[in-house]
Every structure is written in C-alpha cells, then in structure tokens.
Amino acid sequence: MTHSAEHKTILQIIQPGLLGLMDGSVSTLAPIFATATLTGNPHDAFFVGFAASLGAGISMGLAEALSDDGVISGRGSPLIRGGITSIATFLGGMFHTLPFLIPNLNTALLLAYAVVVLELLTIAYIRFRYMKSPLGRTIVQVIVGGGVVFAIGVWLGRIGAGS
C-alpha cells in the first residue's frame, strides 16, 4: 500500500501531534482549574498543571508508541510518533498552565481562560485543515468537549473549597 507524501505526513506527524494537543489541552483542564479554585493559589495550580502535563505527555507518548508498530498501518516509526505525541501533549497542557506563574489569581485565571479558547480553536483549525472536518462542526465538538472538562474542574474545585 503506497501513500502520498501528504498522506504520510498526516498519518505520521499531524495526527500524532493533534492527538497530543487535544489530550494535553483537555485532560489537564480539570486538575488545573480545580486546584486554582480549591486553593486560590496560582502557584499550586501551576505545579499541578506542570505535573499533569508531564505525566500526560509521558503516558500519551508511550501509548502512541506501543499502539502500532507502523508496518501494516503505514503510520511510520512508533518512536517518532510517540515522541511527537509526547511533546504535543506536554505543550497542550502547559500553554494554559503558564499563566499561573502570575501571582495574582484573577489575572492568571483570565489569561488561562483566553489561552484555553485559543488552544481549542487551534485544535479545531488543525482538524479542519488536515483532517478535512467541517469547520463549524469541529469548533462545536472541540469547544463543547473542552468546556465540559473545564466546567467539571471548576465545579470540583468549588465543592472542595466549600467543604
């Protein structure tokens, strides 16, 4: 089975990178925002976000590398795909973690909210551009999915802070 160069790039680079960005962006939302809401301390939220991003990056990189040797599927080297997924997952989690280096919680939260929206729109655009998903539908899917996880994080933080 032969694939065009563009198809190989999508299978071997874009798709693992998109997988990582999606997982890193979404899976770290709940712990970061729950911590920020629960503790009221941006420093705590930063370290939870850093730990979640690092752990998710390692986990997703291993999962991608071990899921498929690339021979039958044409997805390429498992080590390269795993590395791409790992780095993209880490970055996806860290982009909205970095605002919590700002000592003022309200400022950090506002900036983090804006970063999350940009992350989700970027993911939607990548899905549209490379995976040929309809733009409107992919924006709704990504924003709704990310919004649910974000809301759960804030909700759990409020429950914890209230107890």
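Residues numbered from 1 in each chain as written. Predicted model: local features only at pLDDT ≥ 70, side-chain atom pairs only at ≥ 80, totals over all residues. Heavy atoms only, no water.

Trainee: It is not clear to me how the overall build of the protein chain should be interpreted in this structure. Could you clarify?
Mentor: Of the regular secondary structure elements, the protein chain holds 6 helices and 0 strands. Going from N to C terminus, the protein chain has its helices and strands arranged as α-α-α-α-α-α. The C-alpha atoms of the protein chain give 17 Å as radius of gyration, which agrees with the globular expectation for 163 residues (15 Å, within 12%). For the protein chain, the spread of C-alpha atoms along the principal axes amounts to about 60 × 30 × 25 Å. (Helix = DSSP H or I, 4+ residues; strand = E, 2+ residues; numbered from the N terminus. Rg over C-alpha atoms; globule rule 2.2 N^0.38 Å.)

Trainee: Before we go on, may I ask you to explain the packing of helix H5 (residues 105-131) against helix H6 (residues 135-162) in this structure?
Mentor: Packed helices, taken two at a time, are described by their axes: the angle between them and the distance between them. Viewed as axis vectors pointing N to C, H5 and H6 meet at an angle of 145°, and their least axial separation amounts to 9 Å. In this structure, H5 crosses over H6, and the sense of that crossing is right-handed. Here Tyr113, Leu120, Leu121, Ile123, Ala124, Arg127 and Phe128 of H5 come into contact with H6, specifically with Leu135, Thr138, Ile139, Gln141, Val142, Ile143, Gly146 and Phe150. Among the residues making up the contact of H5 with H6, the classes are represented as 11 nonpolar, 3 polar and 1 charged. (Axes fitted to C-alpha atoms, helices over the stretch in contact; angles between N-to-C directions. Left-handed = near helix turned anticlockwise from the far one by under 90°. Contact = heavy atoms within 4.5 Å. Nonpolar A, V, L, I, M, F, W, Y, C, P; charged D, E, K, R; others polar.)

Trainee: How should I be thinking about helix H2 (residues 29-39) in this particular structure?
Mentor: Three or four residues apart is the spacing at which side chains of an α-helix point the same way, because the helix has 3.6 residues per turn. Residues of H2 that are buried include every one of Leu29, Ala30, Ile32, Phe33, Ala34, Thr35 and Ala36, and no others. Its buried side turned inward, H2 meets helix H1 (5-27), helix H3 (42-67), helix H4 (78-95), H5 and H6. Taken from the residues just after H2, Gly40 is the one with a positive phi, measuring 70°. (Buried < 20%, exposed > 50% of the residue type's maximum accessible area, 1.4 Å probe, protein only.)

Trainee: Looking at this structure, how should I read a nonpolar patch on the surface?
Mentor: A surface patch of nonpolar side chains, about 650 Å² in accessible area, is lined by Val140, Val144, Val148, Ile152, Trp155, Leu156 and Ile159. Residue position: Trp155 is located in helix H6. (Patch = residues over 30% accessible without salt bridge, like charges linked within 9 Å, V, L, I, M, F, W, Y side chains within 5 Å. Areas by Shrake-Rupley, 256 points an atom, 1.4 Å probe, with all protein chains shown as cover. Salt bridge = Lys/Arg side-chain N within 4 Å of Asp/Glu carboxyl O.)

Trainee: Quick question: what am I supposed to make of the nonpolar core here?
Mentor: Proteins that are soluble and globular tend to have nonpolar side chains buried together. In this structure, Phe33, Ala36, Phe100 and Leu109 are the most contacted members of the largest nonpolar core, which totals 24 residues. When residues of this core are traced back to their parent elements, those giving at least two are H1, H2, H3, H4, H5 and H6. The biggest single contributor to this core is H5, with 9 residues. Those residues in contact with Phe100, other than ones at most four positions away along the chain, are Ile32, Phe33, Ala36, Pro42, His43, Ala45, Phe46, Leu105, Ala108, Leu109 and Ala112. (Core = buried A, V, L, I, M, F, W, Y, C linked by side-chain atoms within 4.5 Å.)

Trainee: Whenever I open this one, the environment of Ile143 confuses me. Can you help?
Mentor: One can find Ile143 in helix H6. By relative accessible area, Ile143 is classed as partly exposed at 33%. If we skip the residues at most four places from it in the chain, Ile143 touches Leu120 and Leu121.

Trainee: Sorry, what's going on with the packing of aromatic side chains here?
Mentor: The geometry of an aromatic ring pair is captured by two quantities: the separation of the ring centres and the angle between the planes. All chains considered together, the criterion is met by 8 aromatic pairs. Ring centres of Phe33 and Phe100 lie 5.8 Å apart, and the angle between their planes is 75°; on these two criteria the pair is classed as edge-to-face. Taken together, the residues span a long stretch of sequence, with Phe33 in helix H2 and Phe100 in the loop between H4 and H5 at a distance of 67 residues. Relative accessible area serves as the criterion here: at 2%, Phe100 is assigned to the buried category. The structure contains a cluster of three or more aromatic residues connected by ring pairs, namely Phe33, Phe100, Tyr113 and Phe150. Stacked on the ring of Tyr130, the Lys or Arg Arg129 has its end atom at 4.6 Å from the ring centre. (Phe/Tyr/Trp six-rings, centres within 6.5 Å; stacked < 30°, edge-to-face > 60°. Lys NZ or Arg CZ within 6 Å of the ring centre and 35° of its normal.)

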